[in-house]
Amino acid sequence: MTIEKAVIPVAGLGTRFLPATKTTPKEMLPVVDKPAIEYVVEEAAGAGLDDVLLITGRTKRAVEDYFDNVPELEEALEKKGDSGRLASIRQPVDLANIHFVRQGKPRGLGHAVLCARHHVGNEHFAVLLGDDLIDERDPILPAMIEVAERTGGSVIALLEVPAEQIHLYGCAKVSAAPAGTGDGLTMGTEPIASTDVVQVEALVEKPAVEDAPSNLAIIGRYVLSPQVFEVLEKTAPGRGGEIQLTDALAELAADPQKPGHGVYGVVFRGRRYDTGDKLDYLKAVVQLAADRDDLGEGFRDWLHGYVAGLK
């Protein structure tokens, strides 16, 4: 099995960031000096996924334009000899083979994934959500891809969260994975404990604290078997009246002996930046800016002084 394709849903309305997202797609909001979507495509390309499908909507033309050449701007920068900025605007175009499909109506993540069926075909593929930015020093996709190749099933990224936050996420009930499933895996340069690779027995979408089977939350990285499309086609709308990917994965997890079924999890213990709401978005910008070689020192000095002056 060779996994080469990534699907990135970007058709959401971005209502939590209104009024900014009235005319600007949420995925195009800058995180320091790059839009959030570029970080996500970079992550996919870094994991060897050089065929990237963006699931867009009618208000997301700016996302499509961003991954296209702008000859006039490139020519102007060339004439100025501004090679640095020229490279920065060419880089998104060269990251991967990028394709676009429109989701006619925002009917949930499961429906967005189903829109990728004809492009993906009968292959395993990755799904990356734009609200979760994974630090390039802590890549989790390569390990997830390896687990999918070993098992033939689907793989989800899991994160331990405080009990009082579990209602914000899909939640997993897990058990030990079959022997050898997690052997020798790494996250960047760090080894992954074999116990951090688990078998998923059941999934619950945004449970109440008292109903949560664990504190393991699903975060926005998946490697899915093509059998998920068959399940999604007959998945009824769930929470919020939307077709939930979690519901389809729960069905795959319930019958792990069938080919292409079975769901596994890899627990993420690296650096992650949540851009899903305004407060977390601001935190992500500060964290990434403070860690930049070109900006970090001056920004940290200013930040120390600013925080010291707060009452």
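Because the structure is a prediction, the values reported are computed rather than measured.

Asker: Which residues make up the overall build of the protein chain, and what values do they have?
Answerer: A count of helices and strands for the protein chain gives 11 helices and 15 strands. Taken over C-alpha atoms, the radius of gyration comes to 20 Å for the protein chain, in line with the 19 Å a tight globule of 311 residues would show. Across its three principal directions, the C-alpha atoms of the protein chain cover 60 × 50 × 40 Å. Looking at the protein chain alone, contacts between residues at least 24 apart form 79% of all its contacts between residues at least 6 apart. For the protein chain, the accessible area works out to roughly 15500 Å², and carbon and sulfur atoms hold 50% of it. Positive and negative side-chain charges of the protein chain, numbering 32 and 48 respectively, have mean locations separated by a distance of 6 Å.

Asker: Now, about the packing of helix H10 (residues 278–290) against helix H11 (residues 296–308): what can you tell me, with residues and values included?
Answerer: Here H10 crosses H11 at 125°, and the two axes come no closer than 8 Å. When the axis of H10 is compared with that of H11, the two are oblique. On H11, the residues touching Val 286, Ala 289 and Ala 290 of H10 are Gly 296, Phe 299, Arg 300 and Leu 303. Of the residues in the contact of H10 with H11, the class split is 5 nonpolar, 1 polar and 1 charged.

Asker: Now, about empty space enclosed by the protein: what can you tell me, with residues and values included?
Answerer: With the rule as written, the count across this model stands at 1 cavity of 30 Å³ or more. The space that makes up the largest cavity amounts to roughly 80 Å³. Across the lining of the largest cavity, the residue classes tally to 6 nonpolar, 2 polar and 3 charged.

Calculation notes
- Residues numbered from 1 in each chain as written.
- Predicted model: local features only at pLDDT ≥ 70, side-chain atom pairs only at ≥ 80, totals over all residues.
- Heavy atoms only, no water.
- Helix = DSSP H or I, 4+ residues; strand = E, 2+ residues; numbered from the N terminus.
- Rg over C-alpha atoms; globule rule 2.2 N^0.38 Å.
- Contact = heavy atoms within 4.5 Å.
- Areas by Shrake-Rupley, 256 points an atom, 1.4 Å probe, with all protein chains shown as cover.
- Lys, Arg positive; Asp, Glu negative; His and termini not counted.
- Charge placed at Lys NZ, Arg CZ, Asp CG, Glu CD.
- Axes fitted to C-alpha atoms, helices over the stretch in contact; angles between N-to-C directions.
- Parallel < 35°, antiparallel > 145°, perpendicular 65-115°, else oblique.
- Nonpolar A, V, L, I, M, F, W, Y, C, P; charged D, E, K, R; others polar.
- 1 Å grid on protein atoms, 1.4 Å probe; cavity = no way out; pocket = protein on both sides within 12 Å on 5 of 7 lines; lining within 4 Å.
- Points joined across faces, edges and corners; volume = space filled by probe spheres on them.

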